[in-house]
2 protein chains.
Amino acid sequence: MSELNLQVVLADRPKGFPDISDFAFKEMPMPKPGEGEVLLKTLYMSVDPYMRGRMNEGPSYARGVEIGEVMMGGTVGEVVVSNDASLKLGDVVQAQVGWQTYGVAKGSSVRKIDADLAPVSTALGVLGMPGLTAYFGLLDVGQVREGDTVVVSGAAGAVGSVVGQIAKIKGCKVVGIAGSETKVSYLVDVLGFDGAFNYKTTSDYRGALKELCPEGIDVYFDNVGGEISDAVFPLLNQHGRIAVCGQISQYNLEKPELGPRIMGQFIGKRLRMRGFIVSDFADQYTPALETLSGWIRTGKIQYREDIWEGLKMAPTAFIDMLKGGNIGKRLVKLA
Amino acid sequence: MSELNLQVVLADRPKGFPDISDFAFKEMPMPKPGEGEVLLKTLYMSVDPYMRGRMNEGPSYARGVEIGEVMMGGTVGEVVVSNDASLKLGDVVQAQVGWQTYGVAKGSSVRKIDADLAPVSTALGVLGMPGLTAYFGLLDVGQVREGDTVVVSGAAGAVGSVVGQIAKIKGCKVVGIAGSETKVSYLVDVLGFDGAFNYKTTSDYRGALKELCPEGIDVYFDNVGGEISDAVFPLLNQHGRIAVCGQISQYNLEKPELGPRIMGQFIGKRLRMRGFIVSDFADQYTPALETLSGWIRTGKIQYREDIWEGLKMAPTAFIDMLKGGNIGKRLVKLA
């Protein structure tokens, strides 16, 4: 194999919102898998909000990407060389090789995908990290119960859209917050949310929420933070739960913003807030994916993919996603 | 009984810090207990930070005190008339009749105190609401484990001083934050805290905490909030827990203050924060009080009472306590 490996690397650490110039393209020799490793040809690359954090310097829950290093991220790839007896040529797997046309992974670190169950791209979306994040975040972290009123921010994204549908399956009332009329109508008319509003055209978030949730809010699944969370907190009911999944409104600020202090509300209302990372639940992925697959098969969960084509589109697809350009799971498909 | 009942009533709702003029004294006829009720002669009255919230209008987790109404609060009283077969004259009970020399309570709502076990005043302190708050807040809400580093704010108060000692019993390292040199030395030299600092003479709270907790903070038991909490959050370790018990720094603000947003820290560090009210644990009071009594008997928990005398001193004792004047449990003893 004399082909080259094309990579998207981090060229600079963004100040505030990432710019296309923070990325660069690089041609590298084809990597060679060692013992127990496989060479994967990338079919799909994931772009996710959490990647913005990895572009920063300094401690995070995961190591950041170094300047000149390939952008990290989840991928779906086809095995083209295998030094792992459990994987054969042509197998399609979910891996984490980042934004490059080829990548090497340990055989033991990848998850084989059954293409008969669902399109392989879903291993990066509804049947992958975002779907699992919704599942564990709502059921385990959010401790959702039948009859709860659930509010989800970033509701039309890869995680939020699944959160709302699982909440409906569990007998909850669900209200979504999203950033366009198209998203709002997708949530209500297609996914069956009980209500939603467009935060970009609403000035009084709290008023909008109060109208949609006159009975208050029991579970807040937060992907966004900032002023949206400020509006949710006063409406939380006794024993309300907050699952902190993401804070996309804060990722691109040049300096941290101030907000109303929230701790005082925790006492009288006995609130519980918990942040989480989906990999904390890795030992429960298999049954969760079976459950999610079942819900997809029976039409209880619908999903949308928003697929861009070509490695070179990855930075733009990512930046646009951070601005809320996507409905459902944004992916980059390689040729 | 032709004596009068002297009361402290709420005269006005405080704007910001309560003033002595927000209270008034009132002479009322002696109340008469009905069927199943007892008349109690007040021996001790409690003054606690949470009472500040009850002086405000509007919804709280408990009904506020109305203008002209007697100030609410925990009391220790002697049964002087009994219409409840389970209570006899001379019994000493913990009740909730508020700031008055006599009060009527349902026999079923009071807790009989065994004066042989400890001074009856402790039923308002280490063997009462504050002690139980420390116990459940640290063990249940804070989920403290051996080897944890625990930071407690308001550390020299009725709750904080017990929190720190229970944490020591459980094999933790304990650091306290308090508002005077006397308090700091009481925490370290008398109660056995591993460290403490005086926030009134320290400008860099975070630096002080970092020096005292180079290994980070696992459990934060918060009675204070505000800038003290701002300093604690960045030092919380992975899987850190925050038990929100009080926010005394915020109770007397004329308008809510802004602070750094904290939700972003929850994700990468998987933090858990929970607010609580001790009465949520009412069904477990009896075994908890037995445990606390045992620790007191064996000298593992020490306590201090800061006793003022006379009903008329109650407002001043309360206001001074809100300003941090107390070490240990502040009480008002009636003649």
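Residues numbered from 1 in each chain as written. Chains lettered and ligands numbered in written order. Predicted model: local features only at pLDDT ≥ 70, side-chain atom pairs only at ≥ 80, totals over all residues. Heavy atoms only, no water.

## As for the overall build of chain A
- Helix and strand counts for chain A come out as ten helices and 16 strands.
- Relative to a compact globule of 335 residues, whose C-alpha radius of gyration would be 20 Å, chain A shows 20 Å and is just as compact.
- Each principal axis of the C-alpha atoms in chain A carries an extent, and together these give about 65 × 45 × 35 Å.
- Within chain A, counting contacts between residues at least 6 apart in sequence, those at least 24 apart form 68% of the total.
- For chain A, the exposed area adds up to about 13,900 Å²; of that, 51% sits on carbon and sulfur atoms. (Helix = DSSP H or I, 4+ residues; strand = E, 2+ residues; numbered from the N terminus. Rg over C-alpha atoms; globule rule 2.2 N^0.38 Å. Contact = heavy atoms within 4.5 Å. Areas by Shrake-Rupley, 256 points an atom, 1.4 Å probe, with all protein chains shown as cover.)

## Notes on the interface of chain B and chain A
- Taken together, the contacts link 37 residues of chain B with 36 residues of chain A.
- Taken over both partners, the interface formed by chain B and chain A buries close to 2,800 Å², and the fraction arising from carbon and sulfur atoms is 60%.
- When the area that chain B buries against chain A is broken down by residue, the three leading residues are B:R261, B:M263 and B:I267, summing to 30%.
- At the boundary of chain B and chain A, one finds six salt bridges.
- Put simply, A:D280 and B:R270 hold a salt bridge, and the shortest N to O gap is 2.5 Å.
- Inspection of the region where chain B meets chain A yields ten residue pairs in polar contact (both at pLDDT 80 or more).
- Put simply, the parts of the chain that give the side of chain B that touches chain A at least two residues each are β11 (217-222), α6 (227-232), β12 (236-244), β13 (258-260), α7 (263-268) and β14 (272-275) of chain B. (Buried area = accessible area lost by both parts, 1.4 Å probe. Salt bridge = Lys/Arg side-chain N within 4 Å of Asp/Glu carboxyl O. Polar contact = N/O pair within 3.5 Å; in protein donor to acceptor, adjacent residues only side chain to side chain.)

## Points about the packing of aromatic side chains
Residues and elements named next belong to chain A.
- A full pass over the atoms with the stated rule returns 22 aromatic pairs over all chains.
- Look at F136 and Y285: their rings are 6.4 Å apart centre to centre, the planes differ by 35°, and that puts the pair in the tilted class. One end of the pair, F136, is in helix α2 (residues 129-141); the other, Y285, is in helix α9 (residues 285-297), and 149 residues separate them in sequence.
- Its relative accessible area of 3% is what places F136 among the buried residues.
- Judged by its relative accessible area of 21%, Y285 is partly exposed. (Phe/Tyr/Trp six-rings, centres within 6.5 Å; stacked < 30°, edge-to-face > 60°. Buried < 20%, exposed > 50% of the residue type's maximum accessible area, 1.4 Å probe, protein only.)

## Section: empty space enclosed by the protein
- Applying the stated criterion to the full structure yields three cavities of 30 Å³ or more.
- Here the largest cavity defines a volume of roughly 180 Å³.
- Looking at the largest cavity, it is lined by 19 residues, and the ones nearest its centre are A:P260, A:R261, A:I262, B:P260 and B:I262.
- Elements that contribute at least two residues to the lining of the largest cavity include exactly α6 (227-232) and β13 (258-260) of chain A together with α6 and β13 of chain B. (1 Å grid on protein atoms, 1.4 Å probe; cavity = no way out; pocket = protein on both sides within 12 Å on 5 of 7 lines; lining within 4 Å. Points joined across faces, edges and corners; volume = space filled by probe spheres on them.)

## Thoughts on the sheet that holds strand β9 (residues 173-178) of chain B
- With mixed pairing, twelve strands are arranged side by side in an open sheet as β10(A)-β9(A)-β8(A)-β11(A)-β12(A)-β14(A)-β14(B)-β12(B)-β11(B)-β8(B)-β9(B)-β10(B). In this open sheet, the two strands that pair with only one neighbour each are β10 (195-198) of chain A together with β10 (195-198) of chain B. Geometrically, the sheet is characterised by an average inter-axis angle of 15° between neighbouring strands, direction not taken into account.
- Sheet analysis places strand β9 (residues 173-178) of chain A next to β10(A), joined by four bridges and oriented parallel. Looking at the pairing, A:A178 lines up with A:N198 of β10(A).
- Seen against the sheet, α2(A) touches β8 (149-153), β11 (217-222), β12 (236-244) and β14 (272-275) of chain A and runs at an angle of roughly 150° to β11(A).
- Most of the contacts of helix α2 (residues 129-141) of chain B go to β11(B), to which it runs at about 145°, and overall it touches β8 (149-153), β11, β12 and β14 of chain B. (Pairing = 2+ DSSP bridges. Axes fitted to C-alpha atoms, helices over the stretch in contact; angles between N-to-C directions.)

## A closer look at the pattern of salt bridges
Residues and elements named next belong to chain B.
- Applying the stated criterion across every chain, the model contains 26 salt bridges over all chains.
- Salt-bridge contacts for K173 lead to E215; the nearest nitrogen and oxygen are separated by 3.2 Å. Here the residue K173 occupies a position in strand β9, and E215 occupies one in the loop between α5 (205-212) and β11, the gap between them amounting to 42 residues.
- A relative accessible area of 25% means that K173 is categorised as partly exposed.
- Take E215: its relative accessible area is 36%, and that puts it in the partly exposed class.

## Some details on the packing of α2(A) against helix α3 (residues 160-169) of chain A
Residue and element names in this part refer to chain A.
- Contact pair α2 / α3: the axes reach a minimum separation of 8 Å and the direction vectors enclose 45°. Considering their axes alone, α2 and α3 lie oblique with respect to each other. Seen along the crossing, α2 lies across α3 with a hand that is right-handed. Along the contact surface, α2 presents G131, A134, Y135, L138 and L139, while α3 presents V162, V163, I166 and A167.
- Residue classes in the contact of α2 with α3 are distributed as eight nonpolar, one polar and no charged. (Parallel < 35°, antiparallel > 145°, perpendicular 65-115°, else oblique. Left-handed = near helix turned anticlockwise from the far one by under 90°. Nonpolar A, V, L, I, M, F, W, Y, C, P; charged D, E, K, R; others polar.)

## Some points on the pairing of strand β5 (residues 92-95) of chain B
Residue and element names in this part refer to chain B.
- By the alternation rule, side chains of β5 split into V92 and Q94 and V93 and A95, which are all buried.
- Sheet topology note: the strand β4 (residues 75-82)/β5 ladder contains four bridges and is antiparallel. Each bridged residue has a counterpart across the sheet, and for T75 the counterpart in β5 is A95.
- Bridge count between β5 and strand β7 (residues 111-112): two bridges; the pairing is antiparallel. When the sheet's bridge partners are listed, V93 is paired in β7 with K112.

## Thoughts on the relation of the copies chain B and chain A
- Relative to chain A, chain B is turned by 180° and slid 0.0 Å along the rotation axis, the superposed coordinates differing by an RMSD of 0.0 Å. On the angle and the small slide along the axis, the relation comes out as a two-fold axis.
- When you check the interface residues of chain B against chain A, 97% turn up at the interface there too, and the contact is symmetric in its surfaces. (Least-squares fit on C-alpha atoms with pLDDT ≥ 70 in both.)

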